[in-house]
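Chains, contacts and geometry: an overview
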Amino acid sequence: MDEVIELDIDGIAQGGDGVGRLGELVVFVSGALPGERVRALVRERHPRFLRATVSEVLHAAPDRVAPLISPGDHVPWQHIAYPAQVRYKAAIVAEQINKFLPGVAVPIQPAIAAPQPWGYRNSARLHADGAALGYHAAGAKTVVDLADDPLLLPALRAALAGLRQLPFAGLINEVHLRASATYGYAAARIDPAPGADRTALARLAAAWMAATPVLAGVTLGDEPLVGADAIYDELGGVVFRLSLSSFFQVNHAQAERMVEVVRAALAPHGGRLLDAYSGVGSFALPLAAAYDEVVAVEAYQPAVEDGRQSAAANQITNVQYIAGAAERVVGRLPGPFQAAILDPPRRGCHPALIEAVISHAPERIVYISCHPGLIGRDLAPLATAGYHLILVQPIDLFPQTPHIETIIVLQRA
Ligand SMILES: C[S@@+](CC[C@H](N)C(=O)[O-])C[C@H]1O[C@@H](n2cnc3c(N)ncnc32)[C@H](O)[C@@H]1O
């Protein structure tokens, strides 16, 4: 029989679960908030901790609000009032840094709240299963059919509604939607179902575009199918060309704030800037005018192509893009660099990349994290090499979810 426990919640963990205790055991309870007493269903038992899911809230915290979408697995913090989400995120970052770098002073600022806690996402990855179209259920491969998603920008909600009217069953496996926040339109990439006929896919794409005036094009994987195969958006005063698979921050308003924070953190500018894990150049291109030269290193070739085309279209001539793994490329670059930006994917920086950056001895380093649990691991060698933290700035790019973005500025001693 399923085990039900009753406990008080007094903390919140990296990953988003409420935290309580049952005797000697720590219990991570999804859907629970600090200050609550809950009944919870045990999902996993480990020697020192349990994982459980709230089944009944016996005493609700003042921060609890009614969820907007059901079941809403992709918005696991929608039961938390938005100001509290922002507070919890800064607290999680501070706790994670203290845990991994004990004794290091952490100059943490309050998290920068998003101007729009809903209706901000400029991209979505939807899965199709027969006539169902939506996100995967939490921790499973089953597709939860999704009539609408208020987390998305209006152009993407229109694209989703347009596709749902059409006979897509058996033709598509996945759909990646990307919107231009600045210009208010969208494009889509279809990953076909096995054996789907290309002509039928082209007909579906054309019908989808006819039903959705804001949809400018549909690609089949990376190949053009009907209409546009990229979108254009602005960031930091630069017009970017974006293929449908290149990385671009999902929250445009907060990406603008990130560029501002990074620009201010690196002042005084001048000399050479290294932008490692640069993507299309979201920092490299807006900051180019402040440096003699910027070297942008990115492993994903389509993002490098987008970056080069964007640089040319904006008449930016002092940014050099290098396609390759940062951990192999950066150590071989000629120095010196006065400043470096490190913005790795969720798995954090490769240790060889950190060593290579240290060898270039930049005066200032901006490290951008989307995984607070790895900040301590990545910063430890920098701290040992004499860099100290001068700013820790969480910024909320992902309202309604426990994901946390943090900009960390380090200065060479
Ligand atoms: C979090 S994104 C940041 C992109 C960019 N700074 C931005 O804000 O748009 C991480 C980027 O690192 C790239 N990447 C992943 N592994 C890499 C590696 N080993 N070397 C270089 N780039 C890598 C990804 O393709 C992605 O574009």
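Residues numbered from 1 in each chain as written. Predicted model: local features only at pLDDT ≥ 70, side-chain atom pairs only at ≥ 80, totals over all residues. Heavy atoms only, no water.

If you look the chain up in an unreviewed UniProt entry, it shows as RNA methyltransferase from Chloroflexus islandicus.

**Focus: empty space enclosed by the protein**
Here the structure, examined in full by the defined rule, presents one cavity of 30 Å³ or more. Estimated volume of the largest cavity: approximately 30 Å³. When grouped by side-chain class, the residues that make up the lining of the largest cavity number six nonpolar, three polar and one charged. (1 Å grid on protein atoms, 1.4 Å probe; cavity = no way out; pocket = protein on both sides within 12 Å on 5 of 7 lines; lining within 4 Å. Points joined across faces, edges and corners; volume = space filled by probe spheres on them. Nonpolar A, V, L, I, M, F, W, Y, C, P; charged D, E, K, R; others polar.)

**Here we look at the site of the ligand**
Neighbouring the ligand are 18 residues, the closest being Ser 282, Glu 298, Ala 326, Asp 343 and Arg 347. Here a nitrogen atom of the ligand and a backbone polar atom of Tyr 277 are 3.1 Å apart. Between the ligand and Glu 298, the relevant distance is 2.6 Å, taken from an oxygen atom to a side-chain nitrogen or oxygen of the residue. Alone, the ligand offers 590 Å² of accessible surface; in the complex the protein occludes 90% of this. Among the residues forming the shell around the ligand, the class breakdown is nine nonpolar, five polar and four charged. (Near = heavy atom within 4 Å. Polar contact = N/O pair within 3.5 Å; in protein donor to acceptor, adjacent residues only side chain to side chain. Areas by Shrake-Rupley, 256 points an atom, 1.4 Å probe, with all protein chains shown as cover.)

**Examining the layout of surface pockets**
Size it by volume and the second largest pocket reaches roughly 220 Å³. Ile 12, Ala 13, Gln 14, Asp 17, Val 19, Val 26, Phe 28, Arg 51, Glu 95, Gln 96 and Lys 99 together form the lining of the second largest pocket. Top element by residues in the lining of the second largest pocket is helix α1 (residues 82–100). It accounts for three residues. Its residues assigned to classes, the lining of the second largest pocket comprises five nonpolar, two polar and four charged. Of the domains in this structure, domain 1 (4–64) and domain 2 (87–115 + 251–412) are the two that each give at least three residues to the lining of the second largest pocket. (Helix = DSSP H or I, 4+ residues; strand = E, 2+ residues; numbered from the N terminus. Domains from an automatic or database assignment.)

**With respect to the sheet that holds strand β12 (residues 223–227)**
Across the sheet, which stays open at both edges, the seven strands sit in the order β8-β7-β6-β9-β10-β11-β12 with mixed pairing between neighbours. Because the sheet does not close on itself, it has two edges, and the strands there are β8 (143–145) and β12. Pairs of neighbouring strands in the sheet enclose a mean axial angle of 35°, with direction left out of account. Where strand β7 (residues 132–136) and β8 come together, three bridges link them in antiparallel fashion. For Tyr 135, the partnering residue across the bridge sits in β8 and is Val 144. Its contacts with the sheet place helix α2 (residues 154–164) against β6 (123–129), β7, β8, β9 (172–180), β10 (185–192) and β11 (215–220), and it is angled at close to 150° to β9. Relative to the sheet, helix α3 (residues 198–211) contacts β9, β10, β11 and β12, its axis offset from that of β12 by approximately 45°. (Pairing = 2+ DSSP bridges. Axes fitted to C-alpha atoms, helices over the stretch in contact; angles between N-to-C directions. Contact = heavy atoms within 4.5 Å.)

**Focus: the nonpolar core**
Core analysis: the largest hydrophobic core is formed by 47 residues, its most contacted members being Val 262, Leu 266, Val 319, Ile 341 and Val 366. It is helix α4 (residues 252–266) that contributes the most residues to this core, seven residues altogether. Here this core spans two domains, since at least three of its residues come from each of domain 2 (87–115 + 251–412) and domain 3 (123–232). Filtering out sequence-adjacent residues up to four positions away, Val 262 remains in contact with Phe 283, Leu 287, Ile 341, Val 366, Ile 368 and Ile 407. Ranked by size, the runner-up nonpolar core spans 42 residues in total, among them Leu 33, Val 106, Ala 276 and Tyr 367. (Core = buried A, V, L, I, M, F, W, Y, C linked by side-chain atoms within 4.5 Å. Buried < 20%, exposed > 50% of the residue type's maximum accessible area, 1.4 Å probe, protein only.)

**Remarks on the pattern of salt bridges**
Overall, the coordinates contain 21 salt bridges when judged by the stated rule. A salt bridge links Asp 145 to Arg 164; the shortest N-O distance between them is 3.0 Å. With a gap of 19 residues between them, Asp 145 in strand β8 and Arg 164 in helix α2 connect regions that are remote in the sequence. The salt bridge involving Glu 293 is made with Arg 272; its shortest N-O contact spans 2.8 Å. On the criterion of sequence distance, the pair formed by Glu 293 in strand β16 (residues 293–298) and Arg 272 in strand β15 (residues 272–276) is long-range, its members being 21 residues apart. Owing to a relative accessible area of 24%, Glu 293 belongs among the partly exposed residues under this scheme. Classification of Arg 272 as buried rests on a relative accessible area of 16%. One continuous salt-bridge network, built from bridges that share partners, spans Glu 6, Asp 8, Arg 37, Arg 39 and Glu 56. (Salt bridge = Lys/Arg side-chain N within 4 Å of Asp/Glu carboxyl O.)

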